Amino acid sequence: MHLLVSRVRRTIRRHELISRGARVLVAVSGGSDSVALLCLLRELQQEGEVTVAAVAHFNHRLRGAESDKDEAFVRALATSFSLPVVVDTADVAGVARTERTSLEQAGRRLRYEFLGRAAASFSTERVAVGHTRDDQAETVLMRLVRGAGPVGLAGIHPRAGLIVRPLLDTTRRELRDYLSERGISFREDASNFDVSIPRNRVRHELLTLLQERFSPGIVETLGRDAEIAREDAEYFDSIVAAEEGRVLHRTSDGLTIDLPALASYPDALARRLVRRAMELVAPDRFVGFDAVESVLELADKTSEMGRQLDVPGQRAERCGDTIVLRVRKGRGLSSDSDRQVAFSYALSVPGEVPLPEVQCRISAELGPDALGRDWSAEPADAAVVAATALAPPLTVRSRQVGDAFRPFGLGRRKKLQDFFVDRKIRRSLRDRVPIVVDSRGRIVWVAGYAIGEEFRVIDPAEAVVILRLQHLGGDG
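Asker: Describe a negative patch on the surface, with residues and values.
Answerer: Side chains of E231, D232, E234 and D237 sit close together on the surface and give a patch of like negative charge. You can see E234 is positioned in helix α10 (residues 218-247).

As structure tokens, this is what we get:
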């Protein structure tokens, strides 16, 4: 048996990805990784390890005739192995425009929805996809530069529901060598060399630099680090699951956090218990680091922040030795313009997101340079910020307790609340001002008013991101 086949079998067994002999649907794009995956699983089928039930291919229609050639190649490959093939297609670019999301996000959602349907139609236990150790390293680096925490640095998981990744312990080079030895061809996607795409830039520039100048084995190192981070996260999750009954107690409209019990845990576990509580109360809202820290500060008896605060989707109130979390329904004020507003939306670059709560939209686009003008000095309904200073992904949200930033030109940090007071922005309007933040929680732009000092454009020739605020009129 080929060494690579043995390694894939070991990965499957170690992570319990596929029960012995189970039916598997194999997702094949036509590229080297997925073609090698199909061939390796076919070899394992001869050993009775798995049963390859069918091949699935999703045509994203992003590369015109080349996308159709990929589809034809996969159909022919499946036929050569006497395997049924199921193909679906969608206008990913059109869906991305309609949903105001990135091509990557739209494509991922449509692809995995298709794979779920295909798995059901062939009664397969798992869907195998071709993510490799290189993909893992790229993912960890991308999340690292964006400021991800331990959970994010866990990278790609070997299994997520139906989806399994048997190639996470193999490299792309090994897979291509394996195909070359067997004389098996594959399709090359030219877009994989487009370094304007962040992942490709990490792959061809950052990862290459690290390999050549710092550590030839960086791919293996990052893969190992991801596995350690994943195991740590799973361990903490198991502790939270076992301990949350001591600390969190359900109520009719939310839950309570027992503060003496919470104080008995180390900070790392207390933070995860609070995050768990907030996710239970508002499961459809993203719970960021700053929101968790705000609730923890409310739990501190020495805190000067008052007895209650609003965080995404909920209100936290200190009541004696408990914090009560309730689904937030606003303050019930008489005027729509005075009612508290809370929102939080992901903003892709490029991309656009509507903010129906405040009747406007925010867009972001890449610019090759600052067009010879430092727009950051002229806060208005558009702002140009230095692309290299950002830690994506970006989020557009309403203000939160504890928000502070260094407004361009001021030279010192300022609480957002004080900034609004100085600008004479009415109290009733402050919740309605969109705040653009990056993944590290830094305020990039107080829309229509000011950008953060660290994001100002210094060199007119540097790459920029252009942010725009558009108020929606009667035409929506």
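Asker: Any details on the packing of helix α6 (residues 133-145) against α10? Residues and values, ideally.
Answerer: The interhelical angle for the contact between α6 and α10, taken along N-to-C directions, is 70 degrees, at an axis separation of 8 Å. Comparing the axis directions of α6 and α10 gives the class roughly perpendicular. Judged by residue contacts, R133, D134, Q136, A137, V140 and L141 of α6 engage V219, E220, L222, G223, R224, A226 and R230 from α10. In the contact of α6 with α10, the residues fall into six nonpolar, two polar and five charged.

Asker: Any chance you could break down the environment of T251 for me, citing the residues and the numbers?
Answerer: For T251, the position within the fold is in strand β7 (residues 248-251). Judged by its relative accessible area of 33%, T251 falls in the partly exposed class. For the pair formed by T251 and L325, sequence separation is 74 residues and the distance between their alpha carbons is 9.1 Å. A distance of 3.4 Å separates a polar atom in the side chain of T251 from the backbone nitrogen of L255.

Asker: Give a detailed account of the sheet that holds strand β21 (residues 450-451), specifying residues and quantitative values.
Answerer: Strand order in the open sheet formed by five strands is β12-β16-β19-β20-β21, and the pairing between neighbours is antiparallel. Lying at the two open borders of the sheet, with one neighbouring strand each, are β12 (344-347) and β21. By the bridge criterion, two bridges tie strand β20 (residues 443-446) to β21 in an arrangement that is antiparallel. Counterpart to V446 in the pairing with β21 is A450.

Asker: Describe the confidence of the model for the protein, listing the residues and the values that go with them.
Answerer: Here the protein averages 85 in pLDDT, while 90% of its residues score no lower than 70. For residues 330-339, every residue scores under 50 in pLDDT, and the model assigns this stretch 11 contacts once sequence neighbours within four places are set aside.

Asker: Before we move on, can you summarise the packing of aromatic side chains with the specific residues and values?
Answerer: Scanning the model with the defined rule gives four aromatic pairs in all. Ring plane angle 65 degrees and centroid distance 5.9 Å describe the contact between Y235 and F236, whose orientation is recorded as edge-to-face. A ring pair is formed by F405 and F419, whose centres lie 5.3 Å apart and whose planes are at 75 degrees; its orientation type is edge-to-face. Here the residue F405 occupies a position in strand β17 (residues 404-405), and F419 occupies one in helix α14 (residues 416-422), the gap between them amounting to 14 residues. Here the two residues F405 and F419 agree in accessibility, since each one is buried. Members of the aromatic cluster, joined through ring pairs, are F405, F419 and F420. Its end group placed over the ring of Y112, R111 keeps NZ or CZ at 5.3 Å from the ring centre. Positioned over the ring face of F236 is R272, at 4.0 Å from the centre of the ring.

Asker: Which residues make up the pairing of strand β1 (residues 22-27), and what are the values?
Answerer: The buried fraction of β1 amounts to five of the six residues, a majority that puts the element mostly inside the structure. In the classification by handedness, the crossover that spans β1, the intervening helix α2 (residues 32-46) and the parallel strand β2 (residues 50-59) is right-handed. Sheet analysis places β1 next to strand β4 (residues 126-128), joined by three bridges and oriented parallel. Each residue of the ladder has a partner; that of V24, found in β4, is R126.

Asker: Run through helix α3 (residues 65-80), naming residues and quoting values.
Answerer: With 16 residues, α3 ought to run about 22 Å at 1.5 Å a step, and its terminal C-alpha atoms sit 23 Å apart, in line with that. Looking only at α3, the buried set comprises S67, D70, E71, F73, V74, L77 and A78. Summarising the axial view, the buried residues of α3 lie within an arc of 160 degrees, below the 170-degree limit, and thus occupy one face. Opposite the packed face of α3, turned more than 90 degrees from it, sit the exposed residues A65, T79 and S80.

Conventions we followed
- Residues numbered from 1 in each chain as written.
- Predicted model: local features only at pLDDT ≥ 70, side-chain atom pairs only at ≥ 80, totals over all residues.
- Heavy atoms only, no water.
- Patch = residues over 30% accessible without salt bridge, like charges linked within 9 Å, V, L, I, M, F, W, Y side chains within 5 Å.
- Areas by Shrake-Rupley, 256 points an atom, 1.4 Å probe, with all protein chains shown as cover.
- Salt bridge = Lys/Arg side-chain N within 4 Å of Asp/Glu carboxyl O.
- Lys, Arg positive; Asp, Glu negative; His and termini not counted.
- Charge placed at Lys NZ, Arg CZ, Asp CG, Glu CD.
- Helix = DSSP H or I, 4+ residues; strand = E, 2+ residues; numbered from the N terminus.
- Axes fitted to C-alpha atoms, helices over the stretch in contact; angles between N-to-C directions.
- Parallel < 35°, antiparallel > 145°, perpendicular 65-115°, else oblique.
- Contact = heavy atoms within 4.5 Å.
- Nonpolar A, V, L, I, M, F, W, Y, C, P; charged D, E, K, R; others polar.
- Buried < 20%, exposed > 50% of the residue type's maximum accessible area, 1.4 Å probe, protein only.
- Polar contact = N/O pair within 3.5 Å; in protein donor to acceptor, adjacent residues only side chain to side chain.
- Pairing = 2+ DSSP bridges.
- pLDDT = per-residue confidence, 0-100.
- Phe/Tyr/Trp six-rings, centres within 6.5 Å; stacked < 30°, edge-to-face > 60°.
- Lys NZ or Arg CZ within 6 Å of the ring centre and 35° of its normal.
- Right-handed = clockwise from strand over helix to strand, strands pointing away.
- Expected span 1.5 Å × (residues − 1).
- Arc of directions from axis to C-beta.

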